Amino acid sequence: MKKVLNLILFCLLSFLQVQGAASEQVEKFSEAELEEIGQHFQAIYDNDGYGIWKFLSVPNEFVEKFVDLKAEEGETLLILASQIGNAKVVSKLLEAKADINCQDNEGYTALMIASFKGYSDIVGLLLEDKRIKVDIQTPEEFTARSLALMYRFEHIASMLDKSSPCMIKARA
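The rules behind each value
- Residues numbered from 1 in each chain as written.
- Predicted model: local features only at pLDDT ≥ 70, side-chain atom pairs only at ≥ 80, totals over all residues.
- Heavy atoms only, no water.
- Phe/Tyr/Trp six-rings, centres within 6.5 Å; stacked < 30°, edge-to-face > 60°.
- Helix = DSSP H or I, 4+ residues; strand = E, 2+ residues; numbered from the N terminus.
- Buried < 20%, exposed > 50% of the residue type's maximum accessible area, 1.4 Å probe, protein only.

J.: I would appreciate a short explanation of the packing of aromatic side chains in the present structure.
T.: Remark: the centre distance and the inter-plane angle together describe each pair of aromatic rings, the angle taken between the planes. In the structure shown here, the tally under the stated rule is four aromatic pairs. Geometrically, the ring pair formed by Phe-62 and Phe-66 is edge-to-face, given 5.2 Å between the ring centres and 65 degrees between the ring planes. Placement of both Phe-62 and Phe-66 in helix H5 (residues 60–66) is noted, with a separation of four residues, approximately one turn of the helix. Taking the centre distance of 6.1 Å and the plane angle of 75 degrees together, the rings of Tyr-108 and Phe-116 count as edge-to-face. Classification of Tyr-108 by relative accessible area gives buried; the value is 15%. Here the aromatic residues Tyr-108, Phe-116 and Tyr-151 are joined through ring pairs into a cluster of three or more.

Below, the structure is given as structure tokens:
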């Protein structure tokens, strides 16, 4: 049994980014918690319906403990949920106070990913959160709006325009 737990822990640590602050975050969990967290990451990463259903039933108090851990490419659960287009998972993660403006290793945020994939429901959920910053740029200077336009999602670019700080001030 101990070998199985060590293998699970090794796989989880390989999946999660364990550099700097992230390794300190991982060390605070028990083996059982790490196994559960790994299962949640994997379910969302794989877009596994049953695993996601189980994740949605996890109390927010527990999700808050690991909501901003990062996978090996710097993706948080919120970024992963935005990639697969799962609005229910995005809602749960926002309720659990996920870092909405976190960037992955390439500089992309959940908003950018939802924008270039055309997930207007997720873009809408993210824009409803007062913490959102719509003007974050990747190192290549892409924004959520420029990505939406690049992939021909004009309706999403319009949603972003209406929520940008300049537009909000102009309407006031």
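Having seen the model, we can carry on.
J.: What is the right way to look at the environment of Val-134 in this model?
T.: As for its placement among the helices and strands, Val-134 is situated in the loop between helix H9 (120–128) and helix H10 (144–150). For the pair formed by Val-134 and Leu-160, sequence separation is 26 residues and the distance between their alpha carbons is 7.0 Å.

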